[in-house]
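Geometric and topological summary
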Amino acid sequence: PTGATPYLSPTGKPVEAGTRGFWMDYPNINKLCEELGLDEDDVFTPFTNSSFYSPDGLEATAPVFSKTKLTDLIPKTFPIPEALLDAVNDAVVPQLPSPLGQVVATFPLFERIPLA
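This next bit is on the overall build of the chain. Helix and strand content of the chain: four helices and two strands. Partitioning the contacts of the chain with sequence separation of at least 6, the portion at a separation of at least 24 is 40%. Within the structure as shown, the chain displays about 9,500 Å² of accessible surface, and the carbon and sulfur contribution to it stands at 61%.

This is the structure:
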């Protein structure tokens, strides 16, 4: 599971790097729940962000795009007038064409981006 060059844990065990989980619009899972008469709200928890780590620590956080709010994209240290903040507080990021929407929604969630 680790490829030609094994990725090993500190104790020497092979580690399979990868992303695990469910994403929205998984038609086969939705159909299975429907066929089994399961209410998806009773079976699954709400979607949450995914975090990606390297040996240096947290690298990036992937948002749940449909839940990302405009205020999530504004750095906490950026001064914003209170009236403007109140106006956009619950506004969800508009759906933008890919990859523009992905860049807008994820850029502030990267911890270390080498710009040089």
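The subject of this paragraph is the pairing of strand 1 (residues 50–54). Taken together, the five bridges between strand 1 and strand 2 (residues 57–62) define a ladder with antiparallel strand orientation. Across the sheet, the residue bridging to phenylalanine 52 is alanine 60, located in strand 2. From the end of strand 1 to the start of strand 2, which pair antiparallel, there are two residues.

This paragraph deals with the pattern of salt bridges. Any two side chains of opposite charge can pair, so long as their charged atoms come close to each other. The tally for this structure, following the rule as stated, stands at one salt bridge. Here lysine 31 ties to glutamate 34 by a salt bridge, and the two come within 3.8 Å at their closest N and O atoms. One end of the pair, lysine 31, and the other, glutamate 34, are both in helix 1 (residues 27–35), three residues apart, so they sit about a helical turn from each other. Residue lysine 31 is classed as partly exposed on the basis of its relative accessible area of 42%.

In this section: a negative patch on the surface. A cluster of like negative charges, contributed by Asp39, Glu40, Asp41 and Asp42, occupies part of the molecular surface. Under the relative-accessibility criterion, aspartate 42 is labelled exposed at 66%.

Rules used in this analysis
Residues numbered from 1 in each chain as written. Predicted model: local features only at pLDDT ≥ 70, side-chain atom pairs only at ≥ 80, totals over all residues. Heavy atoms only, no water. Helix = DSSP H or I, 4+ residues; strand = E, 2+ residues; numbered from the N terminus. Contact = heavy atoms within 4.5 Å. Areas by Shrake-Rupley, 256 points an atom, 1.4 Å probe, with all protein chains shown as cover. Pairing = 2+ DSSP bridges. Salt bridge = Lys/Arg side-chain N within 4 Å of Asp/Glu carboxyl O. Buried < 20%, exposed > 50% of the residue type's maximum accessible area, 1.4 Å probe, protein only. Patch = residues over 30% accessible without salt bridge, like charges linked within 9 Å, V, L, I, M, F, W, Y side chains within 5 Å. Lys, Arg positive; Asp, Glu negative; His and termini not counted. Charge placed at Lys NZ, Arg CZ, Asp CG, Glu CD.

Without other data, these values stay purely geometric and don't point to any function.
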